[in-house]
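Okay, here's what each chain looks like letter by letter:
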Amino acid sequence: MPTLFLIEDETTLAKNIARFLERQGWDVEIAANAEDALQRIAAVGPDVIMVDFNLPGMDGLAALSILRERDPQARIVMLTGHANVQLAVDVMKAGTSEFITKPVVLADLARVLDRLVKDTRLRKEIAYFHAREAGGFD
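Numbering of residues starts from 1 in each chain and follows the order in which that chain's sequence is written. The model is predicted, so local features are restricted to residues of pLDDT at least 70 and side-chain atom pairs to those at 80 or more, both for listing and for counting; the totals for chains, interfaces and linings are taken over all residues. Only hydrogens and water are removed before side-chain values are computed, so all heavy atoms of the structure are retained for them.

Topic: the sheet that holds strand 5 (residues 98–101)
Note the threshold: A pair of strands is considered paired only if DSSP assigns at least 2 bridges between the two. In this text, helices come from DSSP runs of H or I with a minimum length of four residues, and strands from runs of E with a minimum of two, each type numbered from the N-terminal end. For helices, the fitted line uses only the C-alpha atoms of the stretch in contact; every axis is such a line through C-alpha atoms, and the angle between N-to-C directions lies from 0 to 180 degrees. It only takes one pair of heavy atoms within 4.5 Å for two residues to be counted as in contact.
Strands sit in the order 2-1-3-4-5 across an open sheet of five strands; the sheet is parallel. Taken across any chain shown, the strands that pair with only one partner, and hence form the sheet edges, are strand 2 (27–31) and strand 5. Recorded for the sheet is a direction-independent mean angle of 20 degrees between the axes of neighbouring strands. Seen against the sheet, helix 1 (residues 11–23) touches strand 1 (3–7), strand 2, strand 3 (48–52) and strand 4 (76–80) and runs at an angle of roughly 170 degrees to strand 2. Across the sheet, helix 3 (residues 60–70) is in contact with strand 3 and strand 4; its angle to strand 4 comes to roughly 175 degrees.

This is the structure in structure tokens:
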């Protein structure tokens, strides 16, 4: 079962996303701010992290930077209700895997998350077989 760590301060939206994805077979953890998420995220080990850009306290871009430092391979989706081209460019340069705007179409979100998980699993399998060919495994 894939796991999403959702950092979203809009409680109703967070619960709706979690409820929908849980019906799709996801395990969802929610934090209402980046500071709480950064303390809890390592223990969860999510397949994908979704961060709202506009958060109380530390904003999503600052959280993204810290998450990237901790795990350069993390699959991170930026979510925002205030999209513009410059923000999209900034978050993609900072290392997001996807950029999604509100209002969120839940079916589209599920497709994006499923694709990210499949891509991650494929990368791990390729790395495994490359290591095996190089003699790293018996």
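After presenting the structure, the write-up continues.
So, the pattern of salt bridges
Under the convention used in this document: Any Lys or Arg side-chain nitrogen found within 4 Å of a carboxyl oxygen on Asp or Glu counts as a salt bridge. The cut-offs for exposure are 20% and 50% of the maximum accessible area for each residue type, with area from a 1.4 Å probe on protein chains only; residues under the lower value are buried, those over the upper are exposed, and the others partly exposed.
Scanning the model with the defined rule gives eight salt bridges in all. Between K102 and D52 there is a salt bridge, with the nearest N and O atoms lying 3.3 Å from each other. Highlighted residues: K102 in the loop between strand 5 and helix 5 (106–133) and D52 in strand 3, separated in sequence by 50 residues. Taking the relative accessible area as the measure of exposure, K102 reaches 17% and is therefore buried. Given a relative accessible area of 2%, D52 falls into the buried group. Its salt-bridge partner being D108, residue R111 comes within 2.2 Å of it at the nearest N-O pair. Taken as a pair, R111 and D108 lie in helix 5 at a separation of three residues, close to a single helical turn. Here the salt bridges do not stand alone but share partners, grouping E8, E10, D52 and K102 into one network.

Here's the deal with the packing of helix 2 (residues 34–44) against helix 3
Heads up, the rule is: Note that the term roughly parallel is reserved for angles under 35 degrees, roughly antiparallel for angles over 145, roughly perpendicular for angles of 65 to 115, and oblique for everything else. In this scheme the handedness of a crossing depends on how the near helix is turned from the far one: anticlockwise by less than a right angle means left-handed, clockwise means right-handed.
Where helix 2 contacts helix 3, the axes come no closer than 11 Å and their chain directions differ by 15 degrees. Taken as axis vectors, helix 2 and helix 3 run roughly parallel relative to one another. The element helix 2 and its partner helix 3 pack so that their crossing is right-handed. Residues A34, L38 and I41 of helix 2 pack against A63, I66, L67 and R70 of helix 3.

What about the pairing of strand 3?
Across the five residues that make up strand 3, a large majority, five, are buried. Of the two faces of strand 3, the one carrying V48, M50 and D52 and the one carrying I49 and V51 are both buried. Looking at chain direction, strand 1 and strand 3 are connected through four bridges and run parallel. Note on strand 3: the bridge partner recorded for I7 is V51.

Considerations on the nonpolar core
Just so we agree on the cut-off: The nonpolar core is taken to be a set of buried Ala, Val, Leu, Ile, Met, Phe, Trp, Tyr and Cys residues, with the residues joined through side-chain atoms within 4.5 Å.
Residues L4, I17, L21, W26, V48, M50 and L113 are the most contacted members of the largest nonpolar core, which totals 22 residues. Broken down by secondary-structure element, the contributors of at least two residues to this core are strand 1, helix 1, strand 3, strand 4 and helix 5. For W26, the residues in contact, after removing those within four places along its chain, are M1, P2, T3, L4, L21, V48, L113, D114 and V117. Judged by nonpolar contacts, the second largest core, of 19 residues, contains L38, V51, A63 and L67.

Considering the environment of R111
Residue R111 is classed as exposed on the basis of its relative accessible area, which comes to 53%. For R111 and T101, which are ten residues apart along the polypeptide, the C-alpha to C-alpha distance reads 15 Å.

Focus: the side chain of D52
Inclusion rule: Here a polar contact is taken to be a pair of N or O atoms separated by no more than 3.5 Å, where protein atoms must pair a possible hydrogen donor with a possible acceptor and residues adjacent in sequence count only if both atoms sit in side chains.
Among the polar contacts listed, one links the side chain of D52 to the side chain of K102, at a separation of 3.3 Å. When neighbours within four sequence positions are excluded, D52 is seen to be in contact with I7, E8, D9, G60, M78, L79, T80 and K102.

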